[in-house]
Amino acid sequence: MADTKREIERKYEAGDRDGVPDLTSVTGVAEVAERGLSELDAVYYDTVDQRLAAASITLRRRTGGSDAGWHLKLPVAEGVRDEIRAPLSDTVPRVLTGLVRSRIRDAALAPVVRLLSAREVRHLLDADGALLAEVSVDAVRAERLTTGGGTAAWTEIEVELADDGDPAFLDKVEKKLRKAGLRRAASPSKLARALAETAPEPAPLGKKSGKSKKHAKGAPESGTAGECVLAYLRTQRDAVVALDPAVRGDAPDSVHQMRVATRRTRSVFRSYRQVLDRAVTDPIGDELKWLAGELGVDRDQEVLTERLTTHLDKLPRTLLAGPVRTRLRTWAHARSGGSRRRLIAVLDSKRYLTLLDTLDAVISDPPLREAAAKEPRPVIGKALRRDFGTLSDLVLHALDTPPGTDRDVALHEARKKTKRVRYAAEVAVGLLGDPAKDLVRSMKTLQSLLGDHQDSVMTRLALRDLATQAQAAGESAFTYGVLYGREEQRAYWCEEALPETWETVERWSREVRRTR
């Protein structure tokens, strides 16, 4: 088992100071309580090529102190990390290995650094005796555990905010520390400093062998269309890798965000086929489609159930007939197609890890086509015009189609194309500035409108299914009919709003074309 704790802290260089200044004058502090000295022994694990350290992730096995065990720290923001803890054991706990799987892939974890710390702890308490923050003075000795490594020693001061504390309190403490001459530590963590200060001496520079190259094989020239597209793809690849632990931990919205990153990547492969060879990227796109499908096994059903539940909550009691909520719960459970265990198995699968390796390879050694070496504006603009033209045909066809199933299908196809054009336009934001931003924003509005329409279509199908089941069980179908009628009205509103929304999209599309 493992538990997670949000850690908000700041580190300071102790320099020649002996301890910390008096902090009783900090606003809100009523008492500074001494908590004694602890001896901590921590061994940090990483791959041979330090993949975790490169991502500012730390994994350690620590003894001593009040929280002995395994600690995995994942960065959230500057000075903020999520610490996942697991009980002490001789080997890295499987649950923690899983949380770094997207980083390490098939590489082994091994000890890289050992830190011995003498920690002097003080608690900053308020007038009620509640903890505001913990202040630690750490005398650290670092030892590199790999061949050729050295040792280092330093002292630092760490201020960690109490659980559910106000981060603004750390500003008050810092103001006092700065007045006393203390400064923020240059390294974000003890491990980062230890790796830097205990690194093996570099080998003497010798005679260069082979031909030097200005660029790695397949790398695009600076300022080209290839560089522009690859920068966007790199961001999406990084998002998939970084979201992996959140998806495993069932963090809110994490599955949705990972699906979006996979869709963005796949869409850009298709939109910028003049930049990247589709013979290479199409198979990767197929694997991304597989991953998005696996991520959505239960996601779409959860969204649909949540929509129905929300609409039920808004109905007056007089419109609730029969065991509607019980029927909805039974229906939702029966349609649930996956489980957390299934999703974790996908993320641990060879297929998924191979996909991550393939994304790395296509970014580091991209299959560039001739257009990749050209100026980005004409290439990006041409791709946008082509995609937008297709979208325009789909939207106009949907508007000309009489209401009914055929129009619903046409609007759904337009919605899928809208996503692709939006993602293609996102690539252009750095090049075209505000016009491209406005186009992306208007495309997002269009996507939301068409998405609401499609949600209404799917919700009405679900309501028909629920009503059929209710009638077969001798229950009233009245409430499902009420909800069905309201969904029809929502779809009608979406269709009524479409011409004006599309007009706005077209206007910003013309603005983008003028900037090329």
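Residues numbered from 1 in each chain as written. Predicted model: local features only at pLDDT ≥ 70, side-chain atom pairs only at ≥ 80, totals over all residues. Heavy atoms only, no water.

What to know about the layout of surface pockets
If you add up the space inside the largest pocket, you get close to 1400 Å³. For the largest pocket, the lining is made up of 40 residues, of which Arg259, Arg263, Asp300, Arg415 and Lys419 are closest to its centre. Where the lining of the largest pocket is concerned, the elements lending two or more residues are α7 (254–271), α8 (278–295), α9 (299–314), α14 (405–432) and α15 (434–472). In terms of residue count, the dominant contributor to the lining of the largest pocket is α7 (10 residues). When grouped by side-chain class, the residues that make up the lining of the largest pocket number eight nonpolar, 12 polar and 20 charged. There is about 770 Å³ of room inside the second largest pocket. If you go around the second largest pocket, you meet 26 residues; those closest to its centre are Leu74, Leu99, Pro245, Ala246 and Gly249. Contributing elements (two or more residues each) for the lining of the second largest pocket: β1 (3–13), β4 (69–77), β5 (80–86), α2 (94–99), α3 (101–104), α6 (225–248) and α11 (340–348). Per element, the largest residue contribution to the lining of the second largest pocket is five residues, and it comes from α2. Residue classes in the lining of the second largest pocket are distributed as 15 nonpolar, four polar and seven charged. (1 Å grid on protein atoms, 1.4 Å probe; cavity = no way out; pocket = protein on both sides within 12 Å on 5 of 7 lines; lining within 4 Å. Points joined across faces, edges and corners; volume = space filled by probe spheres on them. Helix = DSSP H or I, 4+ residues; strand = E, 2+ residues; numbered from the N terminus. Nonpolar A, V, L, I, M, F, W, Y, C, P; charged D, E, K, R; others polar.)

Examining the pattern of salt bridges
Taken as a whole and judged by the stated rule, the model has 52 salt bridges. Its salt-bridge partner being arginine 61, residue aspartate 90 comes within 4.0 Å of it at the nearest N-O pair. With aspartate 90 in the loop between β5 and α2 and arginine 61 in strand β3 (residues 58–63), this pair connects stretches of sequence that are 29 residues apart. A relative accessible area of 70% places aspartate 90 in the exposed class. Here glutamate 287 and arginine 351 are joined by a salt bridge, their closest N and O atoms 2.8 Å apart. Highlighted residues: glutamate 287 in helix α8 and arginine 351 in helix α12 (residues 350–364), separated in sequence by 64 residues. For glutamate 287, a relative accessible area of 24% gives the class partly exposed. (Salt bridge = Lys/Arg side-chain N within 4 Å of Asp/Glu carboxyl O. Buried < 20%, exposed > 50% of the residue type's maximum accessible area, 1.4 Å probe, protein only.)

Description of the environment of serine 89
As for its position among the elements, serine 89 is in the loop between β5 and α2. For the pair serine 89 and glycine 69, spaced 20 residues apart in the sequence, the C-alpha separation amounts to 7.4 Å. Those residues in contact with serine 89 that lie beyond four places of it in its chain are Arg61 and Trp70. Engagement of the side chain of serine 89 in a polar contact is seen with the backbone oxygen of threonine 91, the distance being 2.7 Å. (Contact = heavy atoms within 4.5 Å. Polar contact = N/O pair within 3.5 Å; in protein donor to acceptor, adjacent residues only side chain to side chain.)

Focus: the environment of arginine 6
Along the chain, the position of arginine 6 falls in strand β1. The exposure class assigned to arginine 6 is partly exposed, which follows from its relative accessible area of 44%. Once the C-alpha coordinates of arginine 6 and valine 80 are considered, the two residues, 74 residues apart in sequence, prove to be 7.3 Å apart. Each residue touching arginine 6, except ones within four places of it in the same chain, is listed here: Val76, Val80, Arg81 and Asp82. Only 2.3 Å separates the side chain of arginine 6 from the side chain of aspartate 82, close enough to count as a polar contact.

Digging into the nonpolar core
Formed by 66 residues in total, the largest nonpolar core has its most connected members in Val229, Phe269, Tyr272, Val275, Tyr352, Leu384 and Val427. Those residues within four positions of valine 229 in sequence are excluded, and the remaining contacts are Val268, Tyr272, Val275, Leu276, Ile380 and Val427. Judged by nonpolar contacts, the second largest core, of 19 residues, contains Ala133, Phe169, Leu170 and Val173. (Core = buried A, V, L, I, M, F, W, Y, C linked by side-chain atoms within 4.5 Å.)

Comments concerning the confidence of the model for the protein chain
For the protein chain, per-residue confidence averages 91 on the pLDDT scale, and 95% of positions sit at 70 or higher. The low-confidence segment residues 207–217, where pLDDT is below 50, has four contacts with residues more than four positions distant or belonging to other chains. (pLDDT = per-residue confidence, 0-100.)

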